[in-house]
Amino acid sequence: MWAANKREFNREMQGIAKSDEEAIFYQFDFWVDRLNEWIPYGACDPSMGKTEKADPSAILVGFYSNELQKLHVEYESRKVRGTSRLLNDLIRAQKEYNCRVWGFENNNAFDFMRSQFITTGLEQGIALPLRGVTAVISAEERIGSLETYVTNTPAQIAFHSHCRLLLDELENWPEKQTTHHYDLSCALAILWMVASTGAGGMPRVNSRKVTKQIRGYHV
């Protein structure tokens, strides 16, 4: 029932009666088969914490079709983790998907962490192409700006059916949540910006120079 109609499942089984008129993200486009010519990109919102009440970090991987100008989100991870676990999970995802570039939010002094992750990854034989991006507008504006790309027909952002945490975040946005702060949704804004604008390539590790401002981020 969840797979067939998530909103009906929420109404009948969860007691959530949110209507389509109340939802910002009221419909989603899904995909199944990945094509070889799609380009893999990753995004990371590196919130840190060691307690159960800490803000979780978020990792997303998607594949961009230049022909369709469409992002296909495939992999999600949202959990509370410290620095070492986040690095290990990024390395694991890079080994599996070989992303051309990762958007890595470097607000709150996370740029030093990004540089350290790149160095440590190379020491382990894995190149982590982490591109630092600095949010210059609020999370509410960044997430809200995705609505058109998600709900268009055809949509520019499509989801694999197993991205349940992300879909749940978007369906409930902008209601306040106790277990997260829409971390995967923030990561989706990064992923869409990096993939759709082609802001790829290996980052200059030692440079903090702002090269351009795109969709609410300095990159």
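What counts and how
- Residues numbered from 1 in each chain as written.
- Predicted model: local features only at pLDDT ≥ 70, side-chain atom pairs only at ≥ 80, totals over all residues.
- Heavy atoms only, no water.
- Helix = DSSP H or I, 4+ residues; strand = E, 2+ residues; numbered from the N terminus.
- Buried < 20%, exposed > 50% of the residue type's maximum accessible area, 1.4 Å probe, protein only.
- Contact = heavy atoms within 4.5 Å.
- Core = buried A, V, L, I, M, F, W, Y, C linked by side-chain atoms within 4.5 Å.
- Pairing = 2+ DSSP bridges.
- Axes fitted to C-alpha atoms, helices over the stretch in contact; angles between N-to-C directions.
- Parallel < 35°, antiparallel > 145°, perpendicular 65-115°, else oblique.
- Nonpolar A, V, L, I, M, F, W, Y, C, P; charged D, E, K, R; others polar.
- Left-handed = near helix turned anticlockwise from the far one by under 90°.
- Polar contact = N/O pair within 3.5 Å; in protein donor to acceptor, adjacent residues only side chain to side chain.
- Phe/Tyr/Trp six-rings, centres within 6.5 Å; stacked < 30°, edge-to-face > 60°.

Undergrad: How should I be thinking about the overall build of the chain in this particular structure?
TA: Each helix and strand in the chain was counted, giving seven helices and nine strands. In the chain, which comprises 219 residues, the share counted as buried stands at 51%. For the chain, the proportion of contacts with a sequence separation of at least 24, taken over those separated by at least 6, is 69%.

Undergrad: Would you explain the nonpolar core in this entry?
TA: Burial of nonpolar side chains together is a common tendency in soluble globular proteins. In this structure, Leu71, Val73, Ile157, Phe159 and Leu188 are the most contacted members of the largest nonpolar core, which totals 34 residues. Broken down by secondary-structure element, the contributors of at least two residues to this core are β2 (39-45), β3 (57-65), β4 (70-79), β7 (157-159), α6 (164-172) and α7 (183-197). Grouped together as the second largest cluster of nonpolar side chains are 23 residues, Trp38, Ile91, Phe104 and Leu130 included.

Undergrad: What is the right way to read the pairing of β2 from this model?
TA: On any regular strand, side chains alternate: one points to one face of the sheet, the next to the other face. Within β2, seven of the seven residues are buried, which leaves the element mostly enclosed by the surrounding structure. Burial of β2 is two-sided: the residues Ile39, Tyr41, Ala43 and Asp45 facing one way and the residues Pro40, Gly42 and Cys44 facing the other way are all buried. By the bridge criterion, seven bridges tie β2 to β3 in an arrangement that is antiparallel. Paired with isoleucine 39 across the strands is tyrosine 64, a residue of β3. Relative to strand β5 (residues 102-105), β2 runs parallel, the two being bridged by three bridges. Bridging from a neighbouring strand, alanine 43 pairs with glycine 103 of β5.

Undergrad: Can you help me understand the packing of α6 against α7 in this one?
TA: For any two helices packed against each other, one specifies the crossing angle of their axes together with the interaxial distance. One can describe the packing of α6 onto α7 by two numbers: an axis separation of 8 Å at closest approach and a directional angle of 95°. Taken together, the axis directions place α6 and α7 in an arrangement best described as roughly perpendicular. On α7, the residues touching Leu165, Leu166, Glu169 and Leu170 of α6 are Asp183, Leu184, Ser185 and Leu188. A per-class count over the contact of α6 with α7 returns five nonpolar, one polar and two charged.

Undergrad: Help me understand the packing of helix α2 (residues 83-97) against helix α3 (residues 110-123) in this model?
TA: At their nearest, the axes of α2 and α3 sit 11 Å apart, and the two run at 55° to each other. Taken as axis vectors, α2 and α3 run oblique relative to one another. Read as a crossing pair, α2 and α3 show a hand that is right-handed. Residue-level contacts link Thr83, Leu86, Leu87, Leu90 and Ile91 of α2 to Met113, Phe117, Thr120 and Gly121 of α3. When its residues are assigned to classes, the contact of α2 with α3 shows six nonpolar, three polar and no charged.

Undergrad: What should I look at first to understand the side chain of histidine 180 in this one?
TA: Structurally, histidine 180 is set in the loop between α6 and α7. Of note is the side chain of histidine 180, whose polar atom sits 2.8 Å from the backbone nitrogen of tyrosine 182. Excluding its chain neighbours within four sequence positions, the residues that come into contact with histidine 180 are Asp55, Pro56, Arg78 and Glu169.

Undergrad: Got a minute to help me understand the packing of aromatic side chains in this structure?
TA: Two aromatic rings, taken as a pair, are described by how far apart their centres are and by the angle between their planes. For the structure on display, the rule yields eight aromatic pairs. Arranged with centres 6.4 Å apart and planes meeting at 55°, the rings of tyrosine 64 and tryptophan 192 form a pair that is tilted. Of this pair, tyrosine 64 sits in strand β3 while tryptophan 192 sits in helix α7; the two residues are 128 residues apart in sequence, bridging distant segments of the chain. Residues tyrosine 64 and tryptophan 192 agree in their burial class; the two are buried. Judged by centre distance (5.7 Å) and plane angle (45°), the rings of tyrosine 75 and tyrosine 97 are tilted. One end of the pair, tyrosine 75, is in strand β4; the other, tyrosine 97, is in helix α2, with 22 residues separating them in the sequence. Since its relative accessible area comes to 26%, tyrosine 75 is described here as partly exposed. Among the aromatic residues, those joined into a cluster by ring pairs are Phe63, Tyr75 and Tyr97.

Undergrad: Would you explain unusual backbone geometry in this entry?
TA: Backbone geometry follows two general trends: most residues other than glycine have a negative phi, and most peptide bonds adopt the trans configuration. Between threonine 153 and the following residue, proline 154, the backbone shows a cis peptide bond with an omega angle of 0°. Among the secondary structure elements, proline 154 is positioned in the loop between α5 (147-151) and β7. In the segment running from tryptophan 173 into proline 174, the intervening peptide bond is cis, with an omega of 5°. Tracing the sequence through the fold places proline 174 in the loop between α6 and α7. Its identity as a non-glycine residue notwithstanding, asparagine 98 has a phi of 50°, on the positive side. Along the chain, asparagine 98 turns up in the loop between α2 and β5. A positive phi is found at tyrosine 182, a non-glycine position, where the angle reads about 55°. Tracing the chain through its elements places tyrosine 182 in the loop between α6 and α7. In this structure tyrosine 182 comes out as buried when scored by relative accessible area, which is 7%.

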